[in-house]
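# Structural overview
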Amino acid sequence: MRNVLPAQLVALGPEAVRLLRQALASAKAQDPLAPVTVVVPSNYAGLSLRRLLAREAPGVANVRFLSLPRLAELLAAPRLAASGRRPVTPALAAHAVRRALAADPGVFKAVAHHPATERALTRAYRDLRPCSPRALGAVGRQSERAADVVRLVGQARAGLEAGWYDEQDVLEAAVAAAGAGGGEPGGELGPVVAFCLGPVDAAGRRLLDVFGAGLTTIEGTVARDRPPPVDLVLTAPDPDEEVRAVLREVMARLARGAPLHRMAVLYPAADPYAVLTTQQLDAAGIPYNGPPVTRLRDTVAGRALLGLLRLPERGWRRDDVTTWLASAPVLDGGRLVPASRWDAVSRAAGVIEGADQWQQRLAAYAGVLAERLALDPEPTDERRWEEVQIEQAEEARRFVADLVAAAQPPPGAGWAALARWAVALLERYLGADATHALWPEGERDAWQHVVAAVHGLAPLDRLGGPTAPGTFLRALDHELDAHVPRMGTFGDGLFVAPLAHARALDFDTVFVLGLAEGTLPGGAQDDALLPDVERRAADGELALVGAGRDDDHVALLAALAAGRERVLSWAQADGSGQGRARLPSRWLVEALAVPEPERPAQRSVPSFEAGLATPGGEPATLADYDLAGLAAWCRTGGRPEAHFLAAEDRRLAAGFEAVAARQSSRFTRFDGYVGGRSGAASALAGILSPTSLEVYATCPLRYFLRQVLRVTPTEKPEEIVRLSPMEKGSLVHRVLEAYLLAVLAGEPRSLDRLLAIAEAAFADVERRGLTGKQRTWQYEQELIRRELRRFFEDDTLTPLAAELTFGMGGEEPVVVTLDGGHEVRFRGAADRVDRDERGRLVVTDYKTGSLADYEDLRRNLPADPVDRGRKLQLPLYALAAAQRYGGDGGDGGGEEAAAARYWFTSERGRFETIGYEVDERVLARFRAVVGTIVAGVGAGAFPARPGPADRGSYRNCRWCDFDSLCAQDRGRAWERKREAPVLAGYVELAEGEQ
């Protein structure tokens, strides 16, 4: 009969330690060096016990502290080694389940090949393995589904039994080894003490029972009605601030002299607390240790390999490829790939998915740019950018072609060959060991473990079965689900671990995170394959999913008992970014519902700033320390720009300067005033386009971002739902140009010819991936056909030119002489030039959108034919036509202006025209407006002008690509700056009396 000594707590409390010392003293009464084995809940508990017991007699000489699995391994090792079997890995178990499913899936026939089915049955394998045949039979009788689960698990086990052993086999071999020969169980183990193990499954209990009278059990009983008292409760707005508040408490205790290794931070759920805690500890430079939180799949090597192998099965989607390129230091012939550049160029090319699209659309995009370069040989910044784009497109196209070929597995390869192929892929795209010198040490170690895990799949050849690429990927996914081996050394720094690891540990202070409903207790969901109603048939041999809540409570009580000081914390909202409210845990409420003398202190941290200002608090990081000092300085009336941090950190000083400048009425560099010597005006020396100056007239900041800084936002092709208005306009212009050129070449006017040209253009847009969803594209095509038919009916003028270019393609620019003699050269292309029935030149600019943006122009004609500078094209196109053909109807050389019009060739524009005679009055207004814009650009004045309020935004901002870059108070900001003298001319143009 074994000795059973009850302890009051599942922890290293005084009573538990006293009982353990008593058991050790009894075992060593005759010999201080007699062997004793203490079975503990975890290796951490063993280390904690060793250090505690070493301080007093009888000490720990020849005392071994082993977890129950480690004890089983020690006993079973000789037998298992003699059998020639090897350990079952997660990938082996999953493969055995996969083979059983393939042979006879039963009720799972419809979903037998789905990875979720495989994962669920693999979990069932682990759950059912400890059950006796009687319990398995009872569970299998519950339903047809349960019977098939038990059958498939049994078949999977039968396939592994001859060559591999699992944890259950280890326990059974240990039981046999401990009881063999009739002598002392365990041989050199000596007396065995089971210390505060908590719940032990049937197989573990059988092993302990073998020791009979040689076993002393110190049972950990949990006093649920009298939990250990709590000293402090922290409340924070979200998990991030909750972790920060706890680390500030850790630092406060360090400042008072408490040793760091005597404190523990425990969390109930890895998501989000594991990563948040380790990240903030790293930022603070605080050493820590505990169970690893990083899995091999999340390391650089694991992430890169899994990501690469998933690309073919996901159809080489652009998003996936570019995400993979950015996820690791991917190499292209020994150099890092320019992931962001290839992302941008593949977006611009319209790549969505498919290996063929990567080749065809990148090549087509490079071809379009090359054609554009051929039209305009002048060495401009835009030309240089396009040359770089062509080079990047070709590099990305070649790289993806090589990648697609390399990602094809060897035909007919088995597991070992596939493992070698996968490792070769890793070395090709991440480099071999010698190239990882600059990697963090942890990532270099993880590389070795990932490579070992891949090679660990080779033994699956012994099981046979399918080795398709998808199967190999799922098996690899199982292998890389393992944790990185270690995270620090116990006793070196703060202990950080899941709540369940606190059993039988000893600390001065324990911090428990996540005391919110849904986290502690967690929201356990029943098992879809074996729900608890069927699991109960196993009569206790099969763990219940619903028991998780009870396990959470036991773990919490054990964690509280592990410390002399206890601090609980909870967050009022989850960390999803959506701010979903959380309620405090019922167990936190119980901790607060105690009589006043025992009630814990409470501290709320409503915000990051409030956490910095906590009286007597200690900052968690150096940044915290600096910010706390800065906040205190400002609270006492100090100006932030006068704080010593501003003098030491130029970036911080610039930030303070920017805030102060933007709040003032002065027009500064932080508001868009870069000055005349900044180089922004250099573009004026080249050949200008009228549309760029129209942008300045609307919003100078938009001009600065687009024309000076060359910021070019690109829409993701994956998110295109329908053909964009810009692409539709470009398509219609190309169709009408090609049709008019055919007419000018002598072909008769023909609707069939016009529609045939449109069909070819439709195919080209489809090839470039710009059409969006198929249904909407079909509608757009039919709409364009209707609009082209109406165009054909309304087109009565006699064309002289289609796409009349000037200032590019070798054609002379249009030179406009401003007041004061300054000359401005323009380039562009008028959509068409015609002769009307009177022989007058008529210049037409097609518009495929609505009339909305032109209502101001129509309303203010004839007073303002350029709409405050926002419509400069017509006068300029008229000058170009007169320069080419002569305004008097001659054969060229004249400079007399012509008539000009916008023709809305769309149903949205109702096929209306807006136009006027371009006479000297119009040209005078044109020259004056261009002069104002050129003066603003030359002065380096680029303010953000939002325009009037419009439907919850501002008129100039509603369709602006740079809307997100501007301040929220942009309306008030413009009012503060508009009186600046340098802006007087622009303000008069944009907002003055007509």
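For the structure itself, consult the block above.
Before going into details, it helps to say that this report is about the structure given with it. Just so we're clear, the structure is a prediction, and the values are computed from it rather than from any experiment. (Residues numbered from 1 in each chain as written. Predicted model: local features only at pLDDT ≥ 70, side-chain atom pairs only at ≥ 80, totals over all residues. Heavy atoms only, no water.)

### Describing the sheet that holds strand S20 (residues 823-826)
The criterion, for reference: At least two DSSP bridges between two strands are required for those strands to pair. Secondary structure counts use DSSP, requiring at least four H or I residues in a row for a helix and at least two E residues in a row for a strand, with both numbered from the N terminus. We call two residues in contact when some of their heavy atoms are within 4.5 Å. Only C-alpha atoms enter the line fits that serve as axes; for helices the fit covers just the stretch in contact. Angles between N-to-C directions range over 0 to 180 degrees.
Spatial strand order, S17-S20-S19: three strands in an open sheet with mixed pairing. Each end of this open sheet is capped by a strand with a single partner; those strands are strand S17 (687-688) and strand S19 (814-817). Packed on one face of the sheet, helix H33 (residues 873-885) meets S19 and S20 and runs near 120° to S19.

### A word on the side chain of Thr 37
This is how the line gets drawn: By the criterion applied in these results, polar contacts are pairs of N or O atoms within 3.5 Å in which, for protein atoms, one can donate a hydrogen and the other can accept it, and in which residues neighboring in sequence qualify only through two side-chain atoms.
Summarising the element assignment, Thr 37 is placed in strand S2 (residues 36-40). A polar side-chain atom of Thr 37 sits 2.9 Å from the main-chain carbonyl oxygen of Leu 189. Residues within four places of Thr 37 in sequence aside, it is in contact with Arg 64, Leu 66, Leu 189, Pro 191, Val 192 and Val 193.

### Focus: the sheet that holds strand S15 (residues 563-571)
In space, the seven strands of this open sheet follow the order S10-S13-S9-S14-S15-S8-S16, with parallel pairing throughout. The open sheet has two edge strands, strand S10 (288-289) and strand S16 (601-604), and neither has a second partner. Looking at chain direction, S10 and strand S13 (residues 494-498) are connected through two bridges and run parallel. Bridged to Tyr 288 within S13 is Leu 494.

### Examining unusual backbone geometry
Backbone torsion omega between Leu 520 and Pro 521 reads 5°, so that peptide bond is classified as cis. When you line up the elements, Pro 521 lands in the loop between strand S14 (507-512) and helix H20 (532-535). Residue Pro 862 follows Leu 861 across a cis peptide bond; omega there is 5°. Assignment of secondary structure puts Pro 862 in the loop between helix H32 (855-860) and H33. Phi at Asp 867 takes a positive value of approximately 50°, unusual for a residue other than glycine. Structurally, the position occupied by Asp 867 is in the loop between H32 and H33.

### What about the environment of Val 842?
Rule in force here: Each residue gets one of three labels from its accessible area relative to the maximum for its type: buried under 20%, exposed over 50%, partly exposed in between, using a 1.4 Å probe on protein chains only.
Looking at the secondary structure, you find Val 842 in strand S22 (residues 841-847). With a relative accessible area of 7%, Val 842 lands in the buried category. Ignoring sequence-local partners within four residues, the contact set of Val 842 consists of Leu 797, Arg 832, Val 833, Asp 834, Asp 836, Ala 899 and Arg 901.

### Examining the side chain of Asp 856
Position of Asp 856 among the secondary structure elements: in helix H32. Ignoring sequence-local partners within four residues, the contact set of Asp 856 consists of Asp 867, Arg 870 and Arg 955.

### Some details on the packing of aromatic side chains
Two numbers describe a pair of aromatic rings. These are the distance of the centres and the angle of the planes. To keep things clear, this is the line we draw: Pairing of aromatic side chains requires ring centres within 6.5 Å, counting the rings of Phe and Tyr and the six-membered ring of Trp. Pairs whose planes differ by under 30 degrees are stacked, by over 60 edge-to-face, and all others tilted. In our convention, an over-ring charge means Lys NZ or Arg CZ found within 6 Å of a ring centre and within 35 degrees of that ring's normal.
With the rule as written, the count across this model stands at 25 aromatic pairs. Ring geometry for Phe 791 against Tyr 846: centres 6.0 Å apart, planes inclined by 80°, an arrangement best described as edge-to-face. One end of the pair, Phe 791, is in helix H31 (residues 774-794); the other, Tyr 846, is in strand S22, with 55 residues separating them in the sequence. The pair formed by Phe 791 and Tyr 846 is uniform in burial state, with each residue classed as buried. A ring pair is formed by Tyr 846 and Trp 903, whose centres lie 6.2 Å apart and whose planes are at 55°; its orientation type is tilted. With Tyr 846 in strand S22 and Trp 903 in strand S23 (residues 899-904), the pair connects residues that are 57 residues apart, well separated along the chain. Considered together, Tyr 846 and Trp 903 belong to a single accessibility category, that of buried residues. An aromatic cluster is present here, built from Tyr 696, Tyr 703, Phe 704, Phe 942, Trp 974 and Tyr 986 joined pairwise through their rings. Its end group placed over the ring of Trp 164, Arg 462 keeps NZ or CZ at 4.6 Å from the ring centre.

### Considerations on the nonpolar core
Within soluble globular proteins, side chains that are nonpolar generally end up buried alongside one another. Rules: Each nonpolar core is a collection of buried residues, namely Ala, Val, Leu, Ile, Met, Phe, Trp, Tyr and Cys, held together in the definition by side-chain atoms within 4.5 Å.
Counting 90 residues, the largest nonpolar core has Val 149, Trp 324, Leu 325, Phe 399, Tyr 429, Phe 472 and Leu 476 as its most contacted members. Tallying contributions element by element places helix H17 (residues 415-430) first for this core, with ten residues. Among residues more than four places away in sequence, those in contact with Phe 399 are Trp 324, Leu 325, Val 330, Leu 331, Asp 332, Val 337, Trp 342 and Tyr 429. In terms of nonpolar packing, the next biggest core, distinct from the first, is built from 65 residues, Leu 684, Leu 818, Val 930 and Val 987 among them.

### Digging into the state of the cysteines
Throughout this description, disulfide means a covalent bond between two cysteine sulfur atoms. Where we set the bar: Whenever a pair of cysteine sulfur atoms sits within 2.5 Å, that pair is classed as a disulfide.
On inspection of all chains with the given rule, the structure shows zero disulfides. In this structure Cys 957 is not part of a disulfide, and its nearest cysteine sulfur, from Cys 966, lies 5.9 Å away.

### So, empty space enclosed by the protein
Empty space among the atoms becomes visible once a probe the size of a water molecule is rolled across them. Stated precisely, the cut-off is as follows: Definitions used throughout: a 1 Å grid over protein atoms alone; a cavity as a set of points that fits a 1.4 Å probe which cannot get out; a pocket as an open set with protein on both sides within 12 Å along at least five of seven lines; a lining residue as one with an atom within 4 Å of a point. Grid points are joined across faces, edges and corners, and a volume is the space filled by probe spheres set on the points. Residues were grouped as follows: Ala, Val, Leu, Ile, Met, Phe, Trp, Tyr, Cys and Pro as nonpolar; Asp, Glu, Lys and Arg as charged; and all remaining residues, including Gly, as polar.
In total, this model carries four cavities of 30 Å³ or more according to the counting rule given. The calculated volume of the largest cavity comes to roughly 90 Å³. Ranked by residue count, the leading element in the lining of the largest cavity is helix H28 (residues 700-708), at three residues. Across the lining of the largest cavity, the residue classes tally to nine nonpolar, one polar and four charged.

### Focus on helix H5 (residues 115-128)
As a reminder of what qualifies: For a helix, the expected span equals 1.5 Å multiplied by the residue count minus one.
For H5, with 14 residues, the first-to-last C-alpha span of 20 Å sits near the 20 Å given by 1.5 Å per residue. Those residues of H5 not exposed but buried are Thr 117, Glu 118, Ala 120, Leu 121, Thr 122, Ala 124, Tyr 125 and Leu 128.

As far as function goes, none of this settles anything; it's purely spatial.
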